[in-house]
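Report on the structure
Residues per chain, in single letters:
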Amino acid sequence: MPTNSLITLAGYSKEKLMYLIAMAQEFERHPNRKILEGRIVATLFFEPSTRTRLSFETAANRLGAKVIGFSDPKVTSGTKGEILKDTIMMVSNYADLIVMRHFLEGAALYASEVSPVPIINAGDGANQHPSQTMLDLYTIYQSQGTLENLEIHLVGDLKYGRTVHSLLSAMRHFNPCFHFIAPDELAMPEPYKKYCTANGIRFTEHKDFNSDTISGADILYMTRVQKERFSDLMEYEQVKDAYLLKGDMLSKARPNMKILHPLPRVNEIEYCIDDTPYAYYFQQARNGLYARQALICDALGITLEDIRNDKTILK
Ligand code: CP
């Protein structure tokens with residue numbers, strides 16, 4: 001049954017993305033309101049999370065909603081054999097909106113097809129992570145003043161990193177030039193490269209990672225090697241430290257360049273970089289709150305006009 005679910009941003013227009021950015025800006029100005037008073041948001045996390053779950057829950061709480069859910073599927077009746085459809089049907093009896101992270105690609109789409117309430121995909125396997133992409137777009141816009149004509153360097157695990165996959169399709173409206181920097185084992189998969197070609201998205205590919213390869217970047221998007229997606233841990237061991245961003249590699253960086261990382265960081269960015277003006281990943285994680293407030297409201301049918309006219313702001 002059709003609901004206002006968010007499974008991927010791939011079909012969102014430029015206008016819709018800018019509209020959601022404007023909504024997030026409103027929430028950055030005034031994050032504490034009661035606009036969702038009386039609503040219940042469920043967070044179902046079948047995979048571990050720190051930022052996504054906590055920022056969705058903070059987003060709902062700061063807007064006056066109540067939150068139910070679980071962060072560990074081992075404490076649910078899934079361990080007794082309950083199937084995903086039944087879990088979704090049960091939770092939709094209790095909540096107005098379901099935020100779900102699942103280890104299976106396509107699980108969020110499936111949930112949206114059976115659920116009577118909207119589903120927000122909080123990550124499905126190595127596939128998509130649209131709420132991360134929304135906060136990434138917001139962060140890029142905030143740090144660069146535009147989303148247009150940017151040089152975006154994606155570094156690390158481009159094979160399993162769902163955040164970079166989501167970002168490609170969302171940026172297609174803004175004439176980006178992507179630079180894929182990864183070892184062969186973690187290279188951007190062919191279907192995503194074909195998607196770029198079909199949609200006129202420019203890209204280059206590199207294996208070298210040094211001050212020269214990143215000197216033209218407006219955005220340097222670092223990623224963690226996704227250990228949990230490897231079937232062969234020996235293969236993971238061989239690539240896990242593939243690319244570490246060191247402080248001295250920033251000597252030729254553009255003044256406006258910002259380093260993003262969806263986090264968690266394992267061994268991708270030297271800690272000394274945290275204190276440079278290039279580091280933007282903690283602000284990026286903070287922006288997750290405002291972007292997710294926008295996505296929750298949009299899924300529940302609350303408009304930008306509703307938010308601008310909202311009289312429930314708490315000072
Ligand atoms: N960026 C992100 O998805 O972080 P978590 O896995 O901690 O939610």
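Residues numbered from 1 in each chain as written. Predicted model: local features only at pLDDT ≥ 70, side-chain atom pairs only at ≥ 80, totals over all residues. Heavy atoms only, no water.

1. Details of the pattern of salt bridges
By the definition in use, this model includes 18 salt bridges. A salt bridge links K207 to D184, with the shortest nitrogen-to-oxygen separation between them at 3.5 Å. Here K207, found in the loop between β7 (202-206) and β8 (219-222), pairs with D184, found in the loop between β6 (177-181) and α7 (190-198); they are 23 residues apart in sequence, far enough to count as distant. With a relative accessible area of 54%, D184 lands in the exposed category. (Salt bridge = Lys/Arg side-chain N within 4 Å of Asp/Glu carboxyl O. Helix = DSSP H or I, 4+ residues; strand = E, 2+ residues; numbered from the N terminus. Buried < 20%, exposed > 50% of the residue type's maximum accessible area, 1.4 Å probe, protein only.)

2. Quick notes on helix α3 (residues 84-94)
Looking only at α3, the buried set comprises L84, T87, I88, V91 and S92. For α3, the buried positions fall inside an angular range of 130 degrees around the axis, keeping them on one side. Looking at the buried residues of α3, the elements they touch are β1 (40-45), β3 (97-102), α4 (107-114) and β4 (119-124). (Arc of directions from axis to C-beta. Contact = heavy atoms within 4.5 Å.)

3. A short note on the packing of aromatic side chains
For the structure shown, the criterion picks out seven aromatic pairs. On the basis of an interplanar angle of 25 degrees and a centroid distance of 6.3 Å, the ring pair of F178 and F180 is categorised as stacked. In this pair, the class of F178 matches that of F180, namely buried. Both rings, one in F209 and one in Y243, keep their centres 5.3 Å apart while their planes meet at 65 degrees; by these two values the pair is edge-to-face. (Phe/Tyr/Trp six-rings, centres within 6.5 Å; stacked < 30°, edge-to-face > 60°.)

4. Topic: the sheet that holds strand β9 (residues 258-260)
Pairing is parallel across the open sheet formed by five strands, whose spatial order is β7-β6-β5-β8-β9. Looking at strand neighbours, the two that pair on one side only are β7 and β9, the edges of this open sheet. Each strand axis lies, on average, 20 degrees off the axis of its neighbour in the sheet, ignoring direction. As defined by bridge partners, strand β5 (residues 151-155) adjoins β6 across five bridges and the pair is classed as parallel. (Pairing = 2+ DSSP bridges. Axes fitted to C-alpha atoms, helices over the stretch in contact; angles between N-to-C directions.)

5. Describing the domain arrangement of the protein chain
Assigned domains within the protein chain: domain 1 (14-129 + 287-308) and domain 2 (130-284). Counting from both sides, the interface comprises 29 residues of domain 1 and, opposite them, 29 residues of domain 2. Here domain 1 and domain 2 share an interface that buries about 2400 Å² over both sides, 57% of which is from carbon and sulfur atoms. Among the residues domain 1 hides against domain 2, the three largest losses belong to K14, H129 and N287. Together they make up 29% of the total. Counting across the domain 1 and domain 2 interface gives three salt bridges. A salt bridge links E148 to K14; the shortest N-O distance between them is 2.8 Å. The tally of links from domain 1 across to domain 2 stands at 19 residue pairs in polar contact (both at pLDDT 80 or more). Elements that contribute at least two residues to the side of domain 1 that touches domain 2 include exactly α1 (14-29), α2 (51-62), β3, β4 and α9 (281-299). (Domains from an automatic or database assignment. Buried area = accessible area lost by both parts, 1.4 Å probe. Polar contact = N/O pair within 3.5 Å; in protein donor to acceptor, adjacent residues only side chain to side chain.)

6. Remarks on the sheet that holds β4
The strand order β2-β1-β3-β4 describes an open sheet built from four strands, whose pairing is parallel. Only two strands of the sheet have a single partner each, and these edge strands are β2 (66-70) and β4. If you compare each strand with its neighbour and ignore which way they point, the axes differ by 15 degrees on average. As paired strands, β3 and β4 are joined by four bridges and run parallel to one another. The residue bridging V99 from the neighbouring strand is I120, located in β4. Strands β1, β2, β3 and β4 of the sheet are contacted by α2, whose axis makes an angle of about 175 degrees with β1.

7. So, the site of the ligand
Close to the ligand lie S49, T50, R51, T52, R101, H129, Q132, P262 and L263. Side-chain polar atom of S49 to an oxygen atom of the ligand: 2.6 Å apart, as the coordinates give it. Contacts to the ligand include T50, whose backbone N or O atom sits 2.8 Å from an oxygen atom. Coverage of the ligand by the protein chains reaches 91% of its 260 Å² of free accessible surface. Among the cavities detected, the one that contains the ligand is the largest pocket. A breakdown of the residues in the shell around the ligand according to their chemical character gives two nonpolar, five polar and two charged. Each of two domains, domain 1 (14-129 + 287-308) and domain 2 (130-284), supplies a minimum of three residues to the shell around the ligand. (Near = heavy atom within 4 Å. Areas by Shrake-Rupley, 256 points an atom, 1.4 Å probe, with all protein chains shown as cover. 1 Å grid on protein atoms, 1.4 Å probe; cavity = no way out; pocket = protein on both sides within 12 Å on 5 of 7 lines; lining within 4 Å. Sits in = over half its atoms within 2 Å of the grid points. Nonpolar A, V, L, I, M, F, W, Y, C, P; charged D, E, K, R; others polar.)

8. Observations concerning the pairing of β6
Most of β6 sits out of view: five of its five residues are buried. Of the two faces of β6, the one carrying C177, H179 and I181 and the one carrying F178 and F180 are both buried. Handedness of the crossover is the feature at issue here: the chain leaves β5, passes through helix α6 (residues 162-170), returns alongside β6, and the resulting connection is right-handed. Bridge count between β6 and β7: five bridges; the pairing is parallel. (Right-handed = clockwise from strand over helix to strand, strands pointing away.)

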